[in-house]
Amino acid sequence: MEDTALSAAVAAGDLDEVRALLEHADADPNAIAGSGLGSLHVAARHRDSAILLALLDAGADIEQRDERGGWTPLLHAIHLRNREGISLLLGRGADGNRPGSSGITPLIMAAGYGMADTVRILLDRGADPRAEMGGLNALWAAAGGGALHDFTDGPPLGDCFPQIIDLLRQRAPDLRMGGGVRAKVLAWLADDDCELLVEELVAEGVATDPPAVD
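What comes next concerns the included structure. Bear in mind that the values here come from a model prediction, so they are computed numbers and not experimental data.

Here's the deal with the environment of Gly 91
- As for its placement among the helices and strands, Gly 91 is situated in helix 6 (residues 83–91).
- Linking Gly 91 and Asp 124, residues 33 residues apart in sequence, is a C-alpha distance of 12 Å.

This is the structure we're talking about:
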């Protein structure tokens, strides 16, 4: 499968060509190109809000999953730290809880990348801080586990984000990271202040399994 003319124009940032293809060539805004991405995924990655808007206005599916990891355009925008695109997609109704095939949610990804403003916006729009990816949640990601999800583009191993941890715990005071072994992994990875933070989480019981419910 080759790249479509539309996806190529999106990747090139050619707004006039994108509009011409949509208006006069009946280009399908939801066609998947050879890369496994739809045009909206490509636009979200290239930080082009004008093209994002043109595609959405032409009927592009804001929740379309790519053929790589089942990511939505919102996940691609977060992955590339495209804050303007994130705001635009959420403003157009993108689901802040829709996970990729692995289970990673927009909130878990943003928390692991240290994107405090995005985490706050997602929480304000109803993102679930308790959502899990293989038993791991946004709190784990913010405490340093996010780097384990993405060695290539994620934060360096050992990074933690106290502001995001505070945001998550304010919204869900009973939130637990779960699993003593996971806490040990974070403690092993942690650097400087992060090591102290992980120790505090363990001391407060945040990094242990919650008590069983009768």
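We are not done yet, so read on.
Some remarks on the pattern of salt bridges
- Following the criterion strictly, the structure yields 5 salt bridges and no others.
- Among the ionic pairs, Asp 57 bridges to Arg 92, the shortest N-O distance being 2.9 Å. With Asp 57 in helix 4 (residues 49–57) and Arg 92 in the loop between helix 6 and helix 7 (106–112), the pair connects residues that are 35 residues apart, well separated along the chain.
- Residue class for Asp 57 comes out exposed when judged on its relative accessible area of 58%.
- Its salt-bridge partner being Arg 130, residue Asp 174 comes within 2.3 Å of it at the nearest N-O pair. Taken together, the residues Asp 174 in the loop between helix 10 (162–171) and helix 11 (180–189) and Arg 130 in the loop between helix 8 (116–124) and helix 9 (138–149) connect sequence positions 44 residues apart.
- The partly exposed category is assigned to Arg 130, whose relative accessible area is 42%.

A look at empty space enclosed by the protein
- With the rule as written, the count across this model stands at 1 cavity of 30 Å³ or more.
- By volume, the largest cavity is sized at about 30 Å³.
- Taken together, Ala 143, Gly 144, Gly 158, Asp 159, Cys 160, Leu 186, Leu 189, Ala 190 and Cys 194 make up the lining of the largest cavity.
- Counting residues per element, the ones that place at least two in the lining of the largest cavity are helix 9 and helix 11.
- When grouped by side-chain class, the residues that make up the lining of the largest cavity number 6 nonpolar, 2 polar and 1 charged.

Concerning the nonpolar core
- In terms of nonpolar packing, the biggest core is built from 64 residues, with Leu 55 and Leu 168 touching the most fellow members.
- Top element by residues in this core is helix 9. It accounts for 6 residues.
- With sequence-adjacent residues up to four places away left out, Leu 55 is seen in contact with Leu 6, Val 10, Val 18, Leu 22, Pro 29, Ser 39, Leu 40, Ala 43 and Ala 60.

Overview of the environment of Leu 52
- The residue Leu 52 is located in helix 4 in this model.
- Residue Leu 52 is classed as buried on the basis of its relative accessible area of 0%.
- Here the alpha-carbon distance between Leu 52 and Leu 15, two residues 37 residues apart in the chain, equals 9.7 Å.
- If sequence neighbours within four positions are ignored, Leu 52 has contacts with Leu 40, Ala 43, Ala 44, Gly 85, Leu 88 and Leu 89.

What to know about helix 12 (residues 193–203)
- Among the residues making up helix 12, those that are buried are Cys 194, Leu 197, Val 198 and Leu 201. The buried residues of helix 12 occupy one face: seen down the axis, they fall within an arc of 100 degrees.
- Phi turns positive one or two residues past the end of helix 12, at Gly 205, with a value near 85 degrees.

Considerations on the side chain of Asp 66
- Mapped onto the secondary structure, Asp 66 falls in the loop between helix 4 and helix 5 (73–79).
- Summary of buried charges: Asp 66 has no salt-bridge partner, and the nearest side chain of opposite charge, Arg 68, is 5.8 Å away.
- Within the structure, the side chain of Asp 66 is placed 3.0 Å from the backbone nitrogen of Gly 70, a separation counted as a polar contact.
- A polar atom in the side chain of Asp 66 sits 2.6 Å from the side chain of His 76.
- Discounting chain neighbours no more than four positions away, the residues touching Asp 66 are Gly 36, Leu 37, His 41, Trp 71 and His 76.

Calculation rules
Throughout this description, residue numbers start from 1 for each chain and increase along the sequence as written. Totals for whole chains, interfaces and linings use every residue, but because this is a predicted model, local features are given only for residues with pLDDT of at least 70 and side-chain atom pairs only at 80 or more, for both listing and counting. The basis for every side-chain value is the complete set of heavy atoms in the structure, and neither hydrogens nor water enter the calculation. In DSSP terms, a helix is any run of H or I states spanning at least four residues, a strand is any run of E spanning at least two, and both are numbered starting from the N terminus. Salt bridges are counted wherever a side-chain nitrogen of Lys or Arg sits within 4 Å of a carboxyl oxygen of Asp or Glu. For every residue, the accessible area obtained with a 1.4 Å probe (protein chains only) is divided by the maximum for its type, and the residue is called buried under 20%, exposed over 50%, and partly exposed between those limits. Both cavities and pockets are sets of points on a 1 Å grid over the protein atoms alone; in a cavity a 1.4 Å probe fits but cannot get out, in a pocket the set is open with protein on both sides within 12 Å along at least five of seven lines, and lining residues sit with an atom within 4 Å of a point. Grid points are joined across faces, edges and corners, and a volume is the space filled by probe spheres set on the points. Classification convention: Asp, Glu, Lys, Arg as charged; Ala, Val, Leu, Ile, Met, Phe, Trp, Tyr, Cys, Pro as nonpolar; all other residues, Gly among them, as polar. Throughout this description, the term nonpolar core refers to a set of buried Ala, Val, Leu, Ile, Met, Phe, Trp, Tyr and Cys residues connected via side-chain atoms within 4.5 Å. Any two residues whose heavy atoms approach within 4.5 Å at even a single point are treated as in contact. Arc, as used here, means the arc of the directions from the helix axis to the C-beta atoms. His residues and chain termini do not enter the charge count, which takes Lys and Arg as positive and Asp and Glu as negative. The term polar contact refers here to a pair of N or O atoms within 3.5 Å; inside protein, the definition further demands a hydrogen-donor-capable atom paired with an acceptor-capable atom, and it admits residues adjacent in sequence only when both atoms are side-chain atoms.

Function cannot be read off these values alone, since they describe shape.
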